[in-house]
Amino acid sequence: MHPVRRANGRKREVMTALPHSPNLRHLRRQARDLQRATGSTLHESQRELAETYGFRSWAELKHHVDELSQAALLCARHTGTPNREMDALRGVVDPATLVVGLRHPNPRVRFDCLGLLDHLADDSCLVPMIEATTDPVPRVRRMAVHALGCRRCKPEMLCDDLMDVFEPIALGDPAWRVRGEAVISIFQQPPTRRRHEALEHIAGHDPDARVRRWASQLLARKPPGTFTT
Ligand SMILES: [Zn+2]
């Protein structure tokens, strides 16, 4: 979200995050409270409140909250679907709604949307899923890395080569579980010299013994010399 410029030209610097379960009833009540406190019209109070949350208008905030609710609903309905039944959800669950859920203030919803995108994503989801690898919450980042790299859960990969995404995460994410997931995703990349060298480096240098061990074990699974470039 970007700071919005107010009618008087001053930039509002303080941005409030939406609550974990944003709903219109609560926001309408907030606007009425603001109206009582300031003596302005309801319309003005709604716009003022929308700006506080980083939106240009009440209608824009309302639309965003509606979309977030749809994403949360979709997750609640389909998270936990057994893998063998996921195929049936293709064409039924709109991946675009799951992508909207990646901006939900509740990390649980972001995590669940990525869990479903692991099975249901199409090409249009690639960029938002890559952005989710920088989520502030480690388990959400880990699921983003899994959903991008996992071959088992989807009929075909979203992108043939994501080494530019996975390598910096494997080398620099502060959470060892996220680095470990990136190691697994690197292993599932096409067998190139770069992939092999990245795993070798991690096996020798990661600060966490568990990540080093995973990289070593994965290296042992494919003998050197199988890389193609
Ligand atoms: Zn998977």
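Scope of this entry: the structure provided in the associated data block. (Residues numbered from 1 in each chain as written. Predicted model: local features only at pLDDT ≥ 70, side-chain atom pairs only at ≥ 80, totals over all residues.)

## Section: the overall build of the protein chain
Counting its secondary structure elements, the protein chain contains 11 helices and zero strands. Along the protein chain, helices and strands appear, N-terminal first, in the series α-α-α-α-α-α-α-α-α-α-α. Counting only C-alpha atoms, the protein chain reaches 75 × 40 × 30 Å along its principal axes. Buried positions account for 34% of the 229 residues belonging to the protein chain. For the protein chain, the proportion of contacts with a sequence separation of at least 24, taken over those separated by at least 6, is 58%. (Helix = DSSP H or I, 4+ residues; strand = E, 2+ residues; numbered from the N terminus. Buried ≥ 20, exposed ≤ 12 C-beta atoms within 10 Å, placed from the backbone. Contact = placed C-beta atoms within 7 Å.)

## Details of helix H3 (residues 58–78)
For H3, spanning 21 residues, the distance from its first C-alpha to its last is 30 Å, which sits close to the expected 30 Å at 1.5 Å a residue. Buried residues of H3: Trp58, Leu61, Leu68, Ala71, Ala72, Leu74 and Cys75, and no others. Residues of H3 that are buried in the fold lie against helix H1 (24–38), helix H2 (42–52), helix H4 (95–101) and helix H5 (107–120). Residue Gly80 follows H3 closely and has a positive phi angle near 95°. (Expected span 1.5 Å × (residues − 1).)

## Focus on the environment of Ala17
Among the structural elements, Ala17 can be located in the segment before H1. Distance from Ala17 to Met157, taken between C-alpha atoms, is 34 Å for residues 140 residues apart in sequence.

## Examining the nonpolar core
Among the nonpolar cores identified, the biggest contains 43 residues, and Ala71, Cys113, Leu114, Leu117, Ala144 and Val183 are the most heavily contacted of them. Of all the secondary-structure elements, those providing two or more residues to this core are H3, H4, H5, helix H7 (138–149), helix H8 (163–172), helix H9 (176–187), helix H10 (193–205) and helix H11 (209–221). The dominant element in this core, judged by the number of residues it contributes, is H5, at seven residues. Setting aside chain neighbours within four positions, we find Val183 in contact with Ala170, Leu199, Ile202, Val211, Trp214, Ala215 and Leu218. Residues Leu27, Ala50, Phe55 and Trp58 belong to the second largest nonpolar core, which totals nine residues. (Core = buried A, V, L, I, M, F, W, Y, C linked by C-beta atoms within 7 Å.)

## Here we look at the environment of Ala72
Mapped onto the elements of the fold, Ala72 is located in helix H3. Assessed through the 21 C-beta atoms surrounding it within 10 Å, Ala72 is described here as buried. Once the C-alpha coordinates of Ala72 and Pro128 are considered, the two residues, 56 residues apart in sequence, prove to be 17 Å apart. Here Ala72 is in contact with Gly101, His104 and Val109, once residues within four sequence places are set aside.

## Overview of the packing of H3 against H5
Between two packed helices, the angle of one axis relative to the other and the distance separating the axes together describe the packing. One way to put it is that H3 packs onto H5 with a least axis distance of 9 Å and a crossing angle of 60°. Note that H3 runs across H5; the crossing there is left-handed. Residues Ala71, Ala72, Cys75 and His78 of H3 lie in contact with H5, whose contacting residues are Val109, Asp112, Cys113 and Leu116. Here the residues of the contact of H3 with H5 sort into six nonpolar, one polar and one charged. (Axes fitted to C-alpha atoms, helices over the stretch in contact; angles between N-to-C directions. Left-handed = near helix turned anticlockwise from the far one by under 90°. Nonpolar A, V, L, I, M, F, W, Y, C, P; charged D, E, K, R; others polar.)

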